[in-house]
Amino acid sequence: MSVRVQDHYGSADIVERILAAAAQPVVEGAPISAEMLFPFDQLHGRELVATKDHAAKLNPAADTHLLDVGSGIGGPARYFANVFGCRVTGIDVTPEFVAAATDLTRRTELAEKVDFVEGNAVKMPFKSATFDHAYCFYVGMNLPDKPSVIRECFRVLKPGGNLLWTEVTSNSGDPYYPLPWARDAAGSHVGTSEKLLDHIREAGFELLSVDDETDAHVELARRIKAAGFVPTEDQRQANEVVLGNDFVERRMNYIRSLSGGALASTVIFGQKGKGEAGR
Ligand SMILES: C[S@@+](CC[C@H](N)C(=O)[O-])C[C@H]1O[C@@H](n2cnc3c(N)ncnc32)[C@H](O)[C@@H]1O
């Protein structure tokens, strides 16, 4: 049965759950550090490790303005602002995520640099050539119309702007369900990396690099397992706090699907050419 993206991700009291699970007690009204939230707010495989890797690739200057497509509860946006000092605007279709992203950003005193709008990335409420760079971390699996979203990224980027797009792609055979982004096949829009690359080229981007980081996901999961990390009721896995009680099973299915060859994790780096001023 197909479930709306907003209903798959959204739930009540996200901020309260995170603050209750945080390592240090939170005093209401007192600021908190962005770092304290990082275990909970990176809603993708390899969490903060992946954000660090991908952010280093984009390596934005402090005076740039980034677009975060499918910004979740704002973890990657706060990471970029915190580490690189740049501005970030996020867009996300899930209202509870946008509200949590805004609240957590205010609490971390990053609201002057980071803001969020609720909206569907197939039609973004931004003028053309607004952003210096854009990134989209693990959202494509929820996008039935990827070409429109990628074309919108192209439109709102300034000429010379980079796009960093990370997505789970399909290989051979069926994955195990439920998965982190969909509880069944009807809600999953995973396609091949070749098709995704076609969409990116067709939107007008030049391809700078394409990487398969499947092994990095599988290896990290193996190391965590070897270290004896078995979550119990008291030590819930970070993403479970935000994404629900069955998240441990969903993440396990993701790793099984990657290591079995049904899925892959693909990182695409593209650029809107400097001569693309008119588009
Ligand atoms: C797996 S989460 C990733 C969140 C964030 N990028 C991160 O890495 O922490 C996928 C996100 O994409 C958002 N999303 C899915 N479809 C969208 C759409 N059409 N427009 C905007 N956001 C969308 C969801 O609401 C969710 O926040």
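Residue indices begin from 1 for each chain and proceed along its sequence in written order. Only residues with pLDDT of 70 or above have their local features reported here, since the model is predicted, and side-chain atom pairs are shown and tallied only from 80 upward, although totals for entire chains, interfaces and linings are computed over all residues.

Draft legend 1. View of the overall build of the protein chain. Secondary structure elements follow DSSP: runs of H or I no shorter than four residues count as helices, runs of E no shorter than two count as strands, and numbering proceeds from the N terminus. Counting secondary structure elements, the protein chain contains eleven helices and seven strands. The C-alpha radius of gyration of the protein chain comes to 18 Å, within 12% of the 19 Å expected for a compact globule of 279 residues. Taken across its 279 residues, the protein chain has 42% of its residues classed as buried. Think of it this way: build a C-beta for each residue from its backbone, and any pair within 7 Å is a contact. Of the contacts made within the protein chain by residues no fewer than 6 positions apart, 78% connect residues no fewer than 24 positions apart. For the radius of gyration, the atoms used are the C-alpha atoms, and the globule rule reads 2.2 Å times the number of residues raised to 0.38. Comment: burial labels come from other C-beta atoms within 10 Å of the residue's own C-beta, placed from the backbone, where a count of 20 or more is buried, 12 or fewer is exposed, and between is partly exposed.

Draft legend 2. Quick look at the site of the ligand. Contacts to the ligand come from 24 residues, most closely from Leu43, Gly70, Gly72, Thr94 and Ala121. Those elements that place two or more of their residues in the shell around the ligand are helix 1 (5–9), helix 5 (75–84) and strand 2 (87–92). Three categories are distinguished: nonpolar for Ala, Val, Leu, Ile, Met, Phe, Trp, Tyr, Cys and Pro, charged for Asp, Glu, Lys and Arg, and polar for the others, with Gly belonging to the last. Partitioned by chemical class, the residues of the shell around the ligand number 14 nonpolar, nine polar and one charged. The criterion for a residue being near a molecule or strand is simple: its C-beta atom, placed using the backbone, must lie within 6 Å of it.

Draft legend 3. Structural detail: the environment of Phe116. Within the secondary structure layout, Phe116 lies in strand 3 (residues 114–118). For Phe116, a count of 24 C-beta atoms within 10 Å corresponds to the buried category. Taking C-alpha positions, Phe116 is 28 Å from Ala186, a pair spaced 70 residues apart along the chain. Each residue touching Phe116, except ones within four places of it in the same chain, is listed here: Ser71, Gly74, Gly90, Asp92, Val98, Ala101 and Thr102.

Draft legend 4. Region of interest: helix 4 (residues 47–58). The span you would expect from a helix comes to 1.5 Å times its residue count less one. An ideal rise of 1.5 Å per residue puts 16 Å on twelve residues; helix 4 measures up with 17 Å between its terminal C-alpha atoms. For helix 4, the complete set of buried residues consists of Ala50, Thr51 and His54. Viewed end-on, helix 4 has its buried residues packed into an arc of 100°, placing them on one side of the element. Elements that come into contact with the buried residues of helix 4 comprise helix 5, strand 4 (131–137), strand 5 (157–170) and strand 7 (263–271). Remark: Asn59 follows helix 4 within two positions and exhibits a positive phi of approximately 45°. Taken from the helix axis, the directions to the C-beta atoms give the arc we talk about.

Draft legend 5. Local environment of the nonpolar core. Buried Ala, Val, Leu, Ile, Met, Phe, Trp, Tyr and Cys residues whose C-beta atoms connect them within 7 Å together make up a nonpolar core. In this structure, Leu66, Val69, Ala134 and Cys153 are the most contacted members of the largest nonpolar core, which totals 47 residues. Listed in part, the 20 residues of the second largest apolar core include Ile14, Ile73, Ala101 and Phe116.

Draft legend 6. Looking closely at the pairing of strand 5. Of all 14 residues in strand 5, ten are buried, a share of seventy percent or more. When strand 4 meets strand 5, the two strands line up parallel, connected through six bridges. Within strand 5, the position partnered with His133 by the bridge is Asn162. Clockwise travel from the first strand over the helix to the second, with the strands pointing away from the viewer, marks a crossover as right-handed. At this point the chain moves from strand 4, through helix 7 (residues 146–156), to the parallel strand 5, and the crossover so formed is right-handed. By this definition, two strands are paired if DSSP reports at least two bridges between them.

Draft legend 7. Structural detail: helix 5. Counting buried positions over the ten residues of helix 5 gives seven, a clear majority of the element. Within helix 5 the residues assigned to the buried category are Gly75, Pro76, Ala77, Arg78, Tyr79, Phe80 and Ala81. Backbone geometry just downstream of helix 5 places Gly85 in the positive-phi region, at approximately 80°.

Draft legend 8. Quick look at the sheet that holds strand 5. Spatially, the seven strands line up as an open sheet ordered 3-2-1-4-5-7-6, and their pairing is mixed. Since the sheet does not close on itself, it has two edges, and those belong to strand 3 and strand 6 (206–212), each with one partner. Taken over all neighbouring pairs, the strand axes of this sheet differ in orientation by 15° on average, direction set aside. Bridge count for strand 1 (residues 65–69) against strand 2 is five bridges, and the pairing is parallel. Paired with Leu67 across the two strands is Thr89, which belongs to strand 2. Those strands touched by helix 5 are strand 1, strand 2, strand 3 and strand 4, and its axis lies near 175° from that of strand 2. Lines are fitted to the C-alpha atoms to define the axes, a helix being fitted only along its stretch in contact, and any angle between axes, read from their N-to-C directions, falls within 0 to 180 degrees.

Draft legend 9. How the structure looks around the pairing of strand 1. Taken across its five residues, strand 1 has four buried, putting it largely inside the fold. Regarding topology, helix 5 serves as the crossover connection from strand 1 to the parallel strand 2, and that connection is right-handed. Note: strand 1 against strand 4, three bridges, orientation parallel. The residue of strand 4 that forms the bridge with Leu66 is His133.

Draft legend 10. Quick peek at the packing of helix 7 against helix 8 (residues 193–202). It is the contact of helix 7 with helix 8, at a shortest axis distance of 9 Å, that shows an interaxial angle of 40°. With respect to each other, helix 7 and helix 8 are oriented oblique. By crossing handedness, the relation of helix 7 to helix 8 is classed as right-handed. Residues Lys146, Pro147 and Ile150 of helix 7 lie in contact with helix 8, whose contacting residues are Leu196, His199, Ile200 and Glu202. When the residues that make up the contact of helix 7 with helix 8 are grouped by side-chain class, the tally is four nonpolar, one polar and two charged. Oblique is the label for every angle not falling under 35 degrees (roughly parallel), over 145 degrees (roughly antiparallel), or within 65 to 115 degrees (roughly perpendicular). Note on convention: near helix rotated counterclockwise from far helix by under a right angle means a left-handed crossing. Clockwise means right-handed.

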